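Here is how the chains run, residue by residue.
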Amino acid sequence: MQDTKQIPGSIGSEAAKYKYKKSSYVEMFEVLQSLRKDEVFCDVKLKTDDGKIINGHKVVLASASEYFHAMFTHFEEKNQDLVVIKQLDSSTLQLLIDFIYSGEIMVTEESVEVLLAAANLLQLQEVKEACCEFLMAQLCPKNSIGINALADLHSCRKLLTSSELYIQEHFLKVVEEEEFLSLSLEQVVKWISSNKIKVPAEDNVFECVIRWVKHDLGLRKCILPQLMEHVRLPLATKNYILKNVIEEPLLKDCLKCKDYLVEALHFHMLTSDDLITVQQNSRTKPRQHYGSHKVILVVGGNGCCSTEWYDPKIGRWNIGPEMITPRDSIGVGVVNDNFVFAVGGFNISALRCVEVLNLSSESPCWKPTVNMLVKRQLVGVGVIKNYIYAVGGFDGVSTLSSAEVFDYRTKEWRMISNMSTRRSSVGIGVMNDLLYAVGGYDSNLRLNSVECYHPSLDKWITIAGMHKRRSALGVGVLGDEIYAVGGYDGSQVYRSVEAYKPSTGNWITVADMHLCRMNAGVVALDGLLYVVGGSDGSSYLDSVEIYNPITDTWTMITASMNVARAYVGVVAIDKPLHFKT
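In short, a report on the structure. What you see is a predicted model; the values in this text were computed from it and never measured.

## Details of the packing of aromatic side chains
Reasoning step 1: Counted under the stated rule, the structure contains twelve aromatic pairs.
Reasoning step 2: Geometrically, the ring pair formed by Phe206 and Tyr240 is edge-to-face, given 6.4 Å between the ring centres and 85 degrees between the ring planes. Highlighted residues: Phe206 in helix H12 (residues 202-215) and Tyr240 in helix H15 (residues 238-245), separated in sequence by 34 residues.
Reasoning step 3: On the numbers, 6.4 Å between centres and 55 degrees between planes, the contact of Tyr436 with Tyr500 is tilted. Of the two residues, Tyr436 is situated in strand S18 (residues 434-438) and Tyr500 in strand S23 (residues 497-501); the sequence distance between them amounts to 64 residues. For the pair Tyr436 and Tyr500, a shared accessibility class is recorded, and that class is buried.

What follows is the structure in structure tokens.
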């Protein structure tokens, strides 16, 4: 028998396979580009408004551009050899066709505007993005308004956002440039009415408005009132108003503008209590530019009157304004975003007194306001729709089941329905306009019970109890969960934490804190839960730890408070412009 050689068969029943994929298409496009230049296989001529002809292959153009794809498949041009491309000059179209065949294009200051418009027309997304990236790198006070308008015209979302953020951050420099003076009334109103422009004082906004009007006084003088409507003149300093605004000739000749001036002067005559109750409008609400952020304010504790605040962006504690009355065991709440209330507490005896801090003031300081109806230390405080609720506590003789609410508009406290249980050292959480009273001490037992107050019904309803009995606990609300943090059961201080989700009606245990803590301050900020100070049962703490609900982990922050504190009030506030660092 003759010897033969065979290719080995594949293992199993299936035939062997090998898939090869070309690693680069550069050579193919080089060939296509060469064919186009030599007019080989070209099946379309693109004619521009200036009469020049650019050759191409329909299949190549359609593969790169939805514009050409639609043209050569659905419209009459699919059967035409000569297609007129309007709105584009030949040099710009040539650059874009070269890009389709080569994948390369040069963007310059001179060409970027027309390239962006052309790429938007031909739906060449890569070129459009390249133009936007180029323009973002060129942003400066001189061109940011023009770039913003260009982004809006061509629906460049990323560039639009970037240019808006740039203008907001550098507003004072932008308004000094010629571009600002050429804006329309509507465009000026857009910027000066924005909450997000970064200005150290409202004086700057007033000055840029006057400058814009004077640039074309004959046409713009009559529309000054439409601009002054958006200048937050009441927030300018009283000294500036008296020295500069009153003396501005344009305002002297304008009756409507005088109304805004009177409003501003009247605003400066209001007392702190008046400021809380005054009906806010767009001119009396401080701006919060995009660079502003929340900080944590810690009030009282240890029977002291000091406060301090923590800036998470820089990881630093700063001294805040001192209260009038030293106190601990207080409750704290924020009304109208700008007014912090320190409610009740203890100083030798239980207190009824309440103090308020105006965060928007040029010289922030605590001032007395209307006392509660009942003395309350170890009180729980929550805020719903700018109504302050003071819940339970101890009056020096008895543990309280009573609660009261403060209407900041009428400046009156009134009693609401009693809880079903006496509670001091109670934790308070607010979610979905409902008030949750969690745990506490009834003068006999530490409690695991929880009840929920419905303001519309003036009624407390008992809900599921916690797993552990906790008084002196902290309560915080993150997303759709209420967290009960630490606390004391009569014999030990807890590290443990549990969370309640109203949608399920159940408490679940989450990760333990690093340290045991009772009488700590708890506040939610930027999706995290901050637990501030407190006592471990033997000493007061100056440390802070943060809970991340996504990872179910606690992290100690590096910076410690200036003062070790327990029995504190803690709130998150917008970083005040006039707080000293």
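## Considerations on the pattern of salt bridges
Reasoning step 1: Inspection of every chain in the model, using the stated rule, returns 19 salt bridges.
Reasoning step 2: Lys252 is paired through a salt bridge with Glu247; the nearest N and O atoms lie 3.6 Å apart.
Reasoning step 3: Under the relative-accessibility criterion, Lys252 is labelled partly exposed at 44%.
Reasoning step 4: Glu247 gets classed as partly exposed once you look at its relative accessible area, which sits at 45%.
Reasoning step 5: The salt bridge involving Arg423 is made with Glu451; its shortest N-O contact spans 3.0 Å. Of this pair, Arg423 sits in the loop between strand S16 (412-416) and strand S17 (427-431) while Glu451 sits in strand S19 (residues 450-454), and the two are 28 residues apart along the sequence.
Reasoning step 6: Look at Glu451 and you get buried, because its relative accessible area is 1%.

## A closer look at the pairing of strand S7 (residues 331-335)
The side chains of a regular strand alternate, first on one face of the sheet and then on the other.
Reasoning step 1: Of all five residues in S7, four are buried; the element is thus mostly enclosed.
Reasoning step 2: The sheet contact formed by S7 and strand S8 (residues 339-343) spans five bridges and is antiparallel. Residue pairing across strands places Val332 opposite Ala342, the latter belonging to S8.
Reasoning step 3: Once S7 ends, the chain turns through three residues before running back antiparallel as S8, passing Asn336 with a positive phi of about 55 degrees.

## Here we look at helix H17 (residues 255-269)
Reasoning step 1: Taking 1.5 Å of rise per residue, 15 residues should cover 21 Å, and H17 covers 22 Å from first to last C-alpha, within 8% of that figure.
Reasoning step 2: All of the buried residues in H17 are Cys257, Tyr260, Leu261, Ala264 and Phe267. Seen end-on, H17 carries its buried residues on one side only, within an arc spanning 120 degrees. Turned more than 90 degrees away from the buried face of H17 sit Leu255, Val262 and Met269, all of them exposed.

## Focus on the nonpolar core
Reasoning step 1: By size, the foremost hydrophobic cluster in this structure holds 77 residues, and its most contacted members are Leu46 and Phe68.
Reasoning step 2: At seven residues, H12 tops the list of elements feeding residues into this core.
Reasoning step 3: The contacts of Leu46, once residues within four sequence positions are left out, are Lys52, Ile53, Ile54, Leu61, Phe68, Val83, Ile85, Leu93 and Ile97.
Reasoning step 4: Among the nonpolar cores identified, the runner-up in size contains 16 residues, and Trp309, Ile330, Leu359 and Trp366 belong to it.

## Section: the sheet that holds strand S5 (residues 307-311)
Reasoning step 1: Overall, antiparallel pairing links the four strands, which are arranged S6-S5-S4-S29 in an open sheet. Across the chains shown, the open sheet's two edge strands, defined by having one partner strand only, are strand S6 (316-320) and strand S29 (569-574). Direction aside, the axes of adjacent strands within the sheet are offset by 25 degrees on average.

## Quick word on the sheet that holds strand S2 (residues 53-56)
Each strand in a sheet pairs with another by means of backbone hydrogen bonds, the pair being arranged parallel or else antiparallel.
Reasoning step 1: Across the sheet, three strands lie side by side as S2-S1-S3; this open sheet has mixed pairing. Every interior strand has two partners, whereas the edge strands, S2 and strand S3 (82-85), have only one. The mean angle between the axes of side-by-side strands here comes to 30 degrees, regardless of whether they run parallel or antiparallel.
Reasoning step 2: Sheet topology places strand S1 (residues 44-48) next to S2; four bridges connect them, and they run antiparallel. Bridge assignment links Leu46 to a residue of S2, and that residue is Ile54.
Reasoning step 3: This element, helix H3 (residues 66-74), spans S1 and S3 of the sheet and lies at about 135 degrees to S3.

Here is what the cut-offs are and how they apply
- Residues numbered from 1 in each chain as written.
- Predicted model: local features only at pLDDT ≥ 70, side-chain atom pairs only at ≥ 80, totals over all residues.
- Heavy atoms only, no water.
- Phe/Tyr/Trp six-rings, centres within 6.5 Å; stacked < 30°, edge-to-face > 60°.
- Helix = DSSP H or I, 4+ residues; strand = E, 2+ residues; numbered from the N terminus.
- Buried < 20%, exposed > 50% of the residue type's maximum accessible area, 1.4 Å probe, protein only.
- Salt bridge = Lys/Arg side-chain N within 4 Å of Asp/Glu carboxyl O.
- Pairing = 2+ DSSP bridges.
- Expected span 1.5 Å × (residues − 1).
- Arc of directions from axis to C-beta.
- Core = buried A, V, L, I, M, F, W, Y, C linked by side-chain atoms within 4.5 Å.
- Contact = heavy atoms within 4.5 Å.
- Axes fitted to C-alpha atoms, helices over the stretch in contact; angles between N-to-C directions.

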